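Close look at the chain arrangement
Here's the letter readout for the chains.
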Amino acid sequence: GIDDRCGTIRKHPRHRRQHSGDGNQRPRQRCLSESRFLSDFQIVTQIGAGSFGSVYKCLSRVDGCLYAVKVAKRKAKGMADRQRMLKEVYALAALSDQADTAAFHIVRYHQAWIEDSRLHIQTELCTST
């Protein structure tokens, strides 16, 4: 059915299990080498690309909602470069915290992380312009 929280057709995420060998089942732990992006999201389609990187329409395996995930093309080179990349995240987070409806045209920020030295930013998926 329709999930009002995220405005998408709700798909129940599959609970991944890993057999422990002792007859008990426990939640699968993510390996350090496993991609958080690919583990937590299913790519539906690429919705944009440019010199900055790519933006994907993704289905969250965690909550079943659709999101936009921006993946930077450029890898961070050192701590100062990483901090410069994170300025976009800080700005989005600050704007998303605004309760003022005047900022309603700003895409809502959900989370960000660095994977393989590349910045990933999860935001709401805008379905209209």
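Higher on the page you've got the structure.
Keep in mind the model is a prediction, meaning the values are calculated, not measured.

Another aspect to go through is the sheet that holds strand 9 (residues 118–124). Reading across from one edge, 5-6-7-9-8 is the order of the 5 strands in this open sheet, with antiparallel pairing throughout. With partners counted over all chains shown, the strands left at the sheet margins are strand 5 (41–49) and strand 8 (109–115), one partner each. Put simply, the sheet's adjacent strands are angled 25 degrees from each other on average, direction ignored. Pairing of strand 6 (residues 53–60) with strand 7 (residues 66–72) involves 7 bridges; the strand directions are antiparallel. Bridge pairing links Leu-59 to Leu-66 in strand 7.

A few words now on the side chain of Glu-115. Following the sequence through the fold, Glu-115 ends up in strand 8. In terms of polar contacts, Glu-115 uses its side chain to reach the backbone amide nitrogen of Phe-37, at 3.0 Å. Residues within four places of Glu-115 in sequence aside, it is in contact with Ser-35, Arg-36, Phe-37 and His-120.

Quick notes on the rules
Residues numbered from 1 in each chain as written. Predicted model: local features only at pLDDT ≥ 70, side-chain atom pairs only at ≥ 80, totals over all residues. Heavy atoms only, no water. Pairing = 2+ DSSP bridges. Helix = DSSP H or I, 4+ residues; strand = E, 2+ residues; numbered from the N terminus. Axes fitted to C-alpha atoms, helices over the stretch in contact; angles between N-to-C directions. Polar contact = N/O pair within 3.5 Å; in protein donor to acceptor, adjacent residues only side chain to side chain. Contact = heavy atoms within 4.5 Å.

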